[in-house]
Amino acid sequence: MISFNKEQVYIVTGASSGIGEGTALLLNELGATVVGIARNEERLNAMKAKCKYPENMHIEMKDLTQDIENLPQHVKELKNKYGKFSGLACCAGVTAVQPLKLLNINDVQNLFNIDYFAPLMLAKAFSDKRNNIGEGASAVFISSLAANACNRGMAAYSGAKAALIASIRSVAKEFALQKIRFNCVSPSDIKTPMQDWIKDIVGDERASWSYPMGLGEVSDVANVVVFLLSDAAKWITAQNYVVDCGVM
């Protein structure tokens, strides 16, 4: 069974809801110390109220799209506050469906800021040997099935998620000799607040046909993320794990 100890400190972004919340709660339940980052203080406090070991759950309010270039400095400040990090789970993100004819550069820039540029700068921050524990450190980034199964109206979103996978694979190879691991997880439709619009678009019948085991639960993804963060995955790096109920 996977377990952690309180000396192992993990950053989880997007920790106030969805996959980020599920990952933060599971890491805490298994014994790790978690620094949960999100924009909404009320939801962060609600997440902390659910956790098994509140003394090992710390919350930090931060909009990752504000001053992206200085995210490494922010992570350094967190390290000074909580100690060196054993891992990073980068779960914050947004999705968007927008036909090409309606696309404008501002929309694309805003989407890439949270889905690509912020995660890449967080990878840079985490890879700094002053911020991580060294050998055995692990970072996991939430991409999307949309990076491979590119549906219409998702040109910008699919592009951002595909770019994230490619960049993280490169980063993983850069730091393999230091035995610091970087991986992605690409879920399909998961029952989260961000995906509430799914049934409105495809309907219950289509959802049942596409996902014979039912729509994915947050725990289905959080379990994969936590496995990749753990020492049980110590020989896994530069991979993209698809969690999609066989859709692709």
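Heads up: the structure comes first, above all this text.
Reading guide: rules and limits
- Residues numbered from 1 in each chain as written.
- Predicted model: local features only at pLDDT ≥ 70, side-chain atom pairs only at ≥ 80, totals over all residues.
- Heavy atoms only, no water.
- Axes fitted to C-alpha atoms, helices over the stretch in contact; angles between N-to-C directions.
- Helix = DSSP H or I, 4+ residues; strand = E, 2+ residues; numbered from the N terminus.
- Parallel < 35°, antiparallel > 145°, perpendicular 65-115°, else oblique.
- Left-handed = near helix turned anticlockwise from the far one by under 90°.
- Contact = heavy atoms within 4.5 Å.
- Nonpolar A, V, L, I, M, F, W, Y, C, P; charged D, E, K, R; others polar.
- Buried < 20%, exposed > 50% of the residue type's maximum accessible area, 1.4 Å probe, protein only.
- Salt bridge = Lys/Arg side-chain N within 4 Å of Asp/Glu carboxyl O.

**Q** Sorry, what's going on with the packing of helix α3 (residues 71-82) against helix α4 (residues 105-127) here?
**A** Helix packing geometry: the angle between the two helix axes and the distance between the axes. Packing of α3 against α4 leaves a shortest axis separation of 8 Å and a crossing angle of 50°. As the angle between them shows, α3 and α4 are arranged oblique. Crossing handedness for the pair α3 and α4: right-handed. Contacts from L71, P72 and V75 in α3 reach A118, M121, L122, K124 and A125 in α4. Split into classes, the residues belonging to the contact of α3 with α4 amount to seven nonpolar, no polar and one charged.

**Q** Looking at this structure, how should I read unusual backbone geometry?
**A** A negative phi angle is the norm for most residues apart from glycine, just as the trans form is the norm for most peptide bonds. Unlike most non-glycine residues, K179 shows phi in positive territory, near 60°. For C245, which is not glycine, the phi torsion reads 60° and is therefore positive. Residue placement: C245 occurs in the segment after β7 (240-243). When its relative accessible area of 28% is taken as the criterion, C245 is described as partly exposed.

**Q** Can you help me understand the pattern of salt bridges in this one?
**A** Pairing is possible between side chains of opposite charge, provided their charged atoms come close. For the coordinates displayed, the defined rule picks out six salt bridges. Between R130 and D128 there is a salt bridge whose closest N-O contact spans 2.7 Å. Accessibility expressed as a relative area gives 52% for R130, which makes it exposed. Across the salt bridge formed by E135 and K179, the nearest N and O atoms sit 4.0 Å from each other. On the criterion of sequence distance, the pair formed by E135 in the loop between α4 and β5 (138-142) and K179 in the loop between α5 (155-174) and β6 (181-187) is long-range, its members being 44 residues apart. Pair check on accessibility: E135 and K179 agree, each one exposed.

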